[in-house]
Amino acid sequence: MIFDSEVLLPDLYEILGAVPLTLVMALAVFVLSTVVGSLFAMIEYRRVPVLRQLVVAYKVAFKGVPMVVVIFLAYYGLPSTLQFLTSLVGVEYNGHSTPNWVTLIVALTACVAAFQAEVVKGALNSFDTGQADAAYSLGYKKSQLFRRVMLPQVIVAAIPDLANSFMVIMKALSLGFAIEVVDIFAQSQLTAALNFYYLEAFLVAVVIYMVIAYAVTQIADRTERALRVRT
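Nothing here was measured: the structure is a model prediction, and the numbers come from that model.

Undergrad: With reference to specific residues and values, describe the UniProt feature "transmembrane region" (unreviewed entry) in the protein.
TA: On the UniProt side, "transmembrane region" (unreviewed entry) is annotated at positions that read residues 15-43, 55-78, 98-117, 154-177 and 197-220 here. The span residues 15-43 shows a helical share of 93% and a strand share of 0%, and its end C-alpha atoms are spaced 42 Å apart. Between the first and last C-alpha atoms of residues 154-177 the distance is 36 Å; the span itself is 79% helix and 0% strand.

Below, the structure written as structure tokens:
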């Protein structure tokens, strides 16, 4: 039989088991990469000497190197690096005991931060400097301008691209199977390997990804609308 609908439900139960870990890893990478990317974007926006050139070099490097290569570099290099760094502060730590999912988060954060920097930088550049002049004329300080005027508008401008970034992270997590991290895609492969119904397992995975994408899109749209009303 080419397609067996009877295995869809059992496969769904199996693959759903990987959803919580996948979402936790995706959220961790999203938050960390957004924080790092925002810092990089501010350095470029403020044109900080030396640091700006280093950020540009970082973005060129990590946007050009395939993510799977970075994952393997982290897999083989991160344990030794962590062990060395902890030894400097007198802490005994076996770097090779680092969970693979932690390695995956670090690797993807390093990659995605380069793209998040571009997202935040674009949002910063979209800010109308005329509003800054008006705020200064009303007696606003730089910190007040950033917090009350600039930041809300930058967040609204960045939300669509940030939502897209989250889905890119979701898909990038499938590369973790190379270092034995089981996400939604990896679980669908393992499930299919047990009963040889590969088409059914991958269709279930597609549906799960589509549901997550729909949920992320809805959350982003509602958040954007709510923030636009406030700003």
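Here the narrative resumes, following the displayed structure.
Undergrad: Quick one: what's the story with the environment of Val65, residue by residue and with numbers?
TA: Residue position: Val65 is located in the loop between α3 (51-64) and α4 (67-88). Overall, the relative accessible area of 34% leaves Val65 in the partly exposed class. In this structure the C-alpha to C-alpha distance between Val65 and Ala41, which are 24 residues apart in sequence, comes to 20 Å.

Undergrad: Which residues make up the environment of Leu27, and what are the values?
TA: Take Leu27: it is sitting in helix α2 (residues 19-45). For the pair formed by Leu27 and Lys142, sequence separation is 115 residues and the distance between their alpha carbons is 31 Å.

Undergrad: Run through the side chain of Asp11, naming residues and quoting values.
TA: Within the secondary structure layout, Asp11 lies in helix α1 (residues 8-16). Of the buried charged residues, Asp11 lacks a salt bridge, with Lys171 as the closest side chain of opposite charge at 23 Å. In this structure, Asp11 is in contact with Thr191, Asn195, Tyr197, Glu200, Ala201 and Val204, ignoring residues within four places of it in sequence.

Scoring rules and cut-offs
- The numbers attached to residues start from 1 for each chain and follow its sequence in the written order.
- Where local features are concerned, this predicted model is filtered to residues with pLDDT of at least 70; where side-chain atom pairs are given and counted, the filter is 80 or more; whole-chain, interface and lining totals use all residues.
- Computation of side-chain values covers all heavy atoms of the structure but excludes hydrogens and water.
- UniProt positions are given in the numbering used here, feature names are shortened, and annotations may be inferred rather than shown by experiment.
- Each helix is a run of DSSP H or I of at least 4 residues and each strand a run of E of at least 2, with the numbering of both proceeding from the N terminus.
- For the exposure calls, accessible area comes from a 1.4 Å probe over protein chains only, and a residue counts as buried if that area is under 20% of its type's maximum, exposed if over 50%, partly exposed in between.
- A positive count includes Lys and Arg, and a negative count includes Asp and Glu. His and the chain ends are not counted in either.
- Whenever a carboxyl oxygen of Asp or Glu lies within 4 Å of a side-chain nitrogen of Lys or Arg, that contact is scored as a salt bridge.
- By definition in these notes, contact holds between two residues if any of their heavy atoms fall within 4.5 Å.

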